[in-house]
Structures are given as C-alpha cells and as structure tokens.
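# A structural walkthrough
One-letter residues, chain by chain:
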Amino acid sequence: MPTIREFRRGDRVTRITRTGIDDGPGYVLVHGIGMAHEYWSDVAESLGRTGPVHALDLPGFGDTPEPEHPLSMPAAGDLLAELVQAEGIENPVLIGHSSGAQAVAEAAARHPQLFERIVLIGPTVNPRERSVPKQAARLAQDLVLAHPKVLGLGLWSYARAGVGWYLETLRPVMAHRIERTLPGISAQTLVIRGERDRIVPREWAEQVTRMVPHARLVEVPGRGHETMITAGAQVGDLIVRHARGDLVGSEVPGIAAADAAVTADTAATGATAAEAIAPTKGIDVERAKPIPLLAAAVWWALDYLDAAKQQLRVLTVPKLPKRWARGDTGKPTILLLPGVYEHWSFMEPLGDALNARGYRVQVAHGLGANLLAIPDTAERVSRALARIPTPPEGRVVVAHSKGGLIGKLLLLRDLDHHLDLRGLVAIATPFGGARLARYLLDPSMREFDPDSATIVELASAASVNSRIVSLFGVFDPHLPEGSSLAGATNRRLPVAGHFRILSAPETAAAVVTAVESLSAPPEAVIAAAVATIAAAIDTDADADTGADAAADALSGEDAGAEADADTSAVAGGEADADAPDGPTAQSSSKGRA
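Structural notes, computed from the coordinates. (Residues numbered from 1 in each chain as written. Predicted model: local features only at pLDDT ≥ 70, side-chain atom pairs only at ≥ 80, totals over all residues. Heavy atoms only, no water.)

### Concerning the nonpolar core
In this structure, Leu-56, Leu-94, Phe-115, Ile-118, Leu-182 and Ile-185 are the most contacted members of the largest nonpolar core, which totals 47 residues. Within the residue set of this core, elements represented by two or more residues are strand S3 (26-30), helix H2 (73-86), helix H3 (99-110), strand S6 (117-121), helix H6 (163-175), helix H8 (202-211) and strand S8 (215-220). The biggest single contributor to this core is H2, with 7 residues. Core analysis: the second largest hydrophobic core is formed by 35 residues, Val-397, Phe-431, Ala-461 and Ala-488 among them. (Core = buried A, V, L, I, M, F, W, Y, C linked by side-chain atoms within 4.5 Å. Buried < 20%, exposed > 50% of the residue type's maximum accessible area, 1.4 Å probe, protein only. Helix = DSSP H or I, 4+ residues; strand = E, 2+ residues; numbered from the N terminus.)

### Some points on the packing of aromatic side chains
All told, the structure shown has 3 aromatic pairs when counted by the stated rule. Measuring from ring centre to ring centre gives 6.4 Å for Phe-346 and Phe-499, while their planes differ by 65°; the resulting arrangement is edge-to-face. Taken together, the residues span a long stretch of sequence, with Phe-346 in the loop between strand S9 (333-337) and helix H14 (348-356) and Phe-499 in the loop between strand S14 (489-496) and helix H19 (505-517) at a distance of 153 residues. Each member of the pair, Phe-346 as well as Phe-499, is classed as buried. (Phe/Tyr/Trp six-rings, centres within 6.5 Å; stacked < 30°, edge-to-face > 60°.)

### With respect to unusual backbone geometry
Each neighbour pair has its own omega, and for Thr-124 with Val-125 the value is 5°, a cis peptide bond. The residue Asn-91 is not glycine, and still its phi comes out positive at about 45°. Relative to the helices and strands, Asn-91 resides in the loop between H2 and strand S5 (92-97). With phi around 55°, Asp-420 is a residue other than glycine that occupies positive phi space. Counting through the fold element by element, Asp-420 comes out in the loop between helix H16 (402-413) and strand S12 (421-427).

### Things to note about the pattern of salt bridges
One pass over the full model with this rule turns up 18 salt bridges. In this structure, Glu-219 and Arg-202 form a salt bridge, with 2.8 Å as the shortest nitrogen-oxygen distance. With Glu-219 in strand S8 and Arg-202 in helix H8, this residue pair connects regions lying 17 residues apart in the sequence. Taking the relative accessible area as the measure of exposure, Glu-219 reaches 24% and is therefore partly exposed. Linking Asp-352 and Arg-323 is a salt bridge whose minimum nitrogen-to-oxygen distance equals 2.7 Å. In this pair, Asp-352 sits in helix H14 while Arg-323 sits in the loop between helix H13 (293-314) and S9, placing the two residues 29 residues apart along the sequence. For Asp-352, a relative accessible area of 26% gives the class partly exposed. For Arg-323, a relative accessible area of 40% puts it in the partly exposed group. The structure contains a network of salt bridges with shared partners spanning Arg-193, Arg-202 and Glu-219. (Salt bridge = Lys/Arg side-chain N within 4 Å of Asp/Glu carboxyl O.)

### A short note on the sheet that holds S8
One key point about sheets: their strands pair by backbone hydrogen bonds, in either a parallel or an antiparallel sense. Pairing is mixed in the open sheet, where 8 strands are placed in the order S1-S2-S4-S3-S5-S6-S7-S8. Strands at the two margins of the open sheet, each flanked by one partner only, are strand S1 (3-9) and S8. The average undirected angle you get between the axes of adjacent strands in this sheet is 20°. Running at roughly 125° to S1, H2 makes contact with S1, strand S2 (12-19), S3, strand S4 (53-57) and S5 of the sheet. (Pairing = 2+ DSSP bridges. Axes fitted to C-alpha atoms, helices over the stretch in contact; angles between N-to-C directions. Contact = heavy atoms within 4.5 Å.)

### Topic: the packing of H14 against H19
Contact geometry for H14 and H19: axes closest at 9 Å, N-to-C directions at 50°. Relative to H19, the element H14 is oriented oblique. For the pair H14 and H19, the crossing hand works out as right-handed. On H19, the residues that touch Leu-350, Ala-353 and Leu-354 of H14 are Thr-507, Ala-508, Val-511, Val-512 and Val-515. (Parallel < 35°, antiparallel > 145°, perpendicular 65-115°, else oblique. Left-handed = near helix turned anticlockwise from the far one by under 90°.)

### Section: helix H18 (residues 453-460)
Across the 8 residues that make up H18, a large majority, 6, are buried. Turning to H18, its buried residues are Thr-454, Ile-455, Val-456, Leu-458, Ala-459 and Ser-460.

### Examining empty space enclosed by the protein
There is about 280 Å³ of room inside the largest cavity. In terms of lining residues, the largest cavity is bounded by 22 residues, among which Leu-58, Phe-61, Leu-71, Met-73 and Ala-76 are the most central. Among the secondary structure elements, those contributing two or more residues to the lining of the largest cavity are H2, H3 and H6. Its residues placed into classes, the lining of the largest cavity shows 15 nonpolar, 6 polar and 1 charged. (1 Å grid on protein atoms, 1.4 Å probe; cavity = no way out; pocket = protein on both sides within 12 Å on 5 of 7 lines; lining within 4 Å. Points joined across faces, edges and corners; volume = space filled by probe spheres on them. Nonpolar A, V, L, I, M, F, W, Y, C, P; charged D, E, K, R; others polar.)

### Let's talk about the pairing of S6
Consecutive side chains of a regular strand alternate in pointing toward one face of the sheet and then the other. Across the 5 residues that make up S6, a large majority, 4, are buried. Here S5 runs beside S6; their pairing, made up of 5 bridges, is parallel. Across the sheet, residue Leu-94 finds its bridge partner in S6, namely Ile-118. Regarding the hand of the β-α-β motif, the stretch spanning S5, H3 and S6 is right-handed. As defined by bridge partners, S6 adjoins strand S7 (residues 188-194) across 5 bridges and the pair is classed as parallel. (Right-handed = clockwise from strand over helix to strand, strands pointing away.)

And the structure:
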C-alpha cells in the first residue's frame, strides 16, 4: 500500500506518495507542468521492485494547495534538495519529466554533493522554440498521435490545477534557460526521449546530452512526449539499469568532443568534477531595457549609413598600417576577423587601439566578402595560421559578427593548442543565431538561422566559452536575440548598432581590457577553472574568386619590417591557398575588398 506524506516549506506543500521496497536507490519522480504523481504509475510500479519510490505532487498540483506565487526553477531545484535531505532519502535518483527535468537539472547543478545519478525525460525548453505559441503548436502536434489514456489523464490533471495556476507556473518554465544549467551537472545523467516527441526534437535532446559532462541518450521507439505514460515499464527498466551503473543508451558525438578533452585536461590538474564545471563566468548583464520605436528606427538608419560609408571606403583599397607589424613581443599577437560582407578595414579603429597599447595586429587577406561557410573559413584560417611561426606569447582573436563564430570554431579545433589561441573577443556575434536570417534569400545570411547545423553545434559546445569575451551594444538591429554567451564574460556597452559599435571609443577600450584578460596561456586558464555553460550556436560558396584563391593568406607586416617578426612572408606577393606549399603571410600592405 502506498503511504502519503507532506513536505512543507512556508506556504508550499509538496505531497509525497511512497511505494516500492525499502532497500535500494531512492527514486524521486518529478512531474511536468500541469500534471501530478498519477501519471508515473507504470514507471513507479517498475521502479518499486528495486527500491523505494517517492512520486511528488509539487505545490499547486494534484491535491496540494496553491501557494501565493510559483517557484523559479533554481528555487524548485533547492526545494527538491531540501525534500531529499529532510525525508532522509538514501542514494537518491532524481527523475524529471518535461519541466520537471528543468527542476531536476537545477537540483543536480546546485547541490552536486547530493545526487550521483539523475534522469531527464523529455527535457524542456528547446531554446530554438522558447515561446508560448511555438510550444503550444508543438504540444498540439504531439497530442495528435497521443494515446487516449494520455489525453484523459492530461485533461484531468490540468483541470485540477486550474488554468490560472497553470499560466502562472508557465512563466518560470519559459523564463528558465536550462542550457545555462546543464554544463554545471556533475551527476551521471540519462536523457530519455520518445522517438516521436515533437516538443523535444532529436536535435535538442542531443544538445542536452552534449552539454552535460557525463550524459547518455536513449530514444524510446514509437513514443512521444508522454513516453513514461505509454511505455512505463520500458522507461522504468532504463532507469533501473542507469541507477545500478549500467551504460544505458549512447554518448552523442560532435563538437562536444572538445568538452571531453577539456575534462581530461581538468583531471590532469587535480580539479574535482564539480570544480571543473562550476561556472566562473556567465551571463552577468541585465536584460536590456526596451528601445522606443522611434529611437530604434533612427539607430537602425545610422547603423546602415555607417556600413555604407565603410563599404565605400573599401573602394579606395585602404592599406594595412605598417605600424601594426611593430609591437611588444611579450604580448600576444592580435588576429582580426571581420563579419560577412565586411573588409578588415571595418575593424581598423580596434586594430589601431590595440596597436597603440603595444599589440601587433594581423588580418586575414583573401576572405573576399567572407561569404564562405563558417566551417570552411575556419579551416582555411587555421591552415594558414599553422603554416607560419607561432608568436612567442600566442594569439588572441578579435572578431566581429560572423567572425566571432569563426573564432569560436578555431578555439574548438585547437585542442592541442598548436595555434596557441589564448582566447576570443567577439563583438556583436550571433552565438545563438539570428532569427531574422531565416527570412533572407542569401544563403550566406541564412547560415545564421538558429536552427542551422553550424549554429546548433556551436551553441552546444561550451568547453571554450570561458575563453571568450562577448561585447555587444544596447541595441543591435541585426541581433534582437542579443549576443550573450553562457559561460563567457559578457559586457553590454553604451553603444547602439551592429556596425557603428566597431568605431565607438567605448568598444575600443573594452576590447583592450578584454584582450589583456585573455593573455594568460591556455594551461593556466584550465588550471584556474573550466567554465562550461551552454546556451543555446551553422553554408554557401563565395562567388568571389579571390576567396577561393587566397582565403588562407594572413598579413601582419611582420616579416621584412622587423627582425623579431612572427610570420614568414612572401614579399610583395599574394599567397595561394591551393599552392603545394600552402599559404604564407604576405609582407605587402595591400588590402583586399
């Protein structure tokens, strides 16, 4: 017979329905929004054969009274941790479904000493579809194929909770950024997804698995978001096997291999798992205040006027300043990477500011309008960097917009530090994509679609985020989503515009400060801390023949001009990306549009 207990904290009452045997792991079942403990019945029966089962009715759901206000997800995680401790649940295995998985993730990340194993079933909310209309549409798609049992149980549970309370609790569910929490989980994690789950598409489930340091993914065939209702015995068996230490499901390959490499580096320093993934940096900026429509229109116009002026300036073929080749050899060399449809001269004010502080500055010639796919451009730049001597103090990439995505990919691919990239200063970079891109016909712009392969892969790879400083203004007409990156150092500057930000003195000062903070060698960064929080980050060929011919050519004016130059140069000539000996740095100061 089940026993029922109540756990009280203030005006919040959590009802605990206990079943199962007394010995074994303590299974704690956390339901999703609008539901109650009853929908776990088949899973609870399966788990009860191997340990005590504690199925919860969270405050305001099931037969529990409605509190004055719903909990935020971090607070819900704390509540779960308090409950487990107060009830004396031994060897707890937290199991959360849908929004319950969000609370479980918070509990595991915030209280790693309590939880060695957790299970996330259909974890929400997919950041690519984090809006009420999109989630409602996904729910409708999922219910089309739902079993009548699911429909009946759902309607009954929602009716008990009430529409008003459901809508109130929906707010913290939608506001929660689970992608920022997942990298902080040290527990062994099993992610379970129904094969036909429309609310949690496979791509999102794979991202979740990548972002948790020790996670595996398994799909239940033929089931949707309600998989633990219609396949309770099967889901229960997966959980039991996970609880006893079996390797259930499979790891998810991809860019996340970089995260594994960082974990190995961290282990070599003697850091604990919790220390390795504890965020030392994060989203440390407040949400921008709404911009009045008229002000936004004016700023938008000024931004495009600035871009037009810069494009016209390219027609004069500006020369690379010779002084950029000179600088302090005790400081890292700067590599400038512009955005799409941009020439390096867009970033000249930043290059001048850095050079004035003693940094030598290089640019990538031959990129044309930077229309190639992000992975292709990163490969070409990486190949070019590898063919010239590494500066004694390494390199720091300073990049704008698309250049920031290229820069992050360079960091991810430089696992052995062969290129000695100390970090990335990214300005107005769409780390989570730009939803406006999906409405454009230009393939080089559609690459920024939040659902594109490269954006999704980059967003899920968090191992290098702690080596990134993201700078952005108070208003960016191209990136309404913003440029904050979980696990990175984020700074909002008192500047408006996507292009105008490059010439603002506030930006130059912030870039210099950021570069100085990134000058430590990678080993020192790893030894100090590895910050890996995700968040929520995709291809066309460049018609410009110059890009195909010389996208790997780097220029820094170093050779020939200085005895301590850090590049090997071909005086007065262009390097050919397809040449047998590969690209080399050019010593001439010719610019390329």
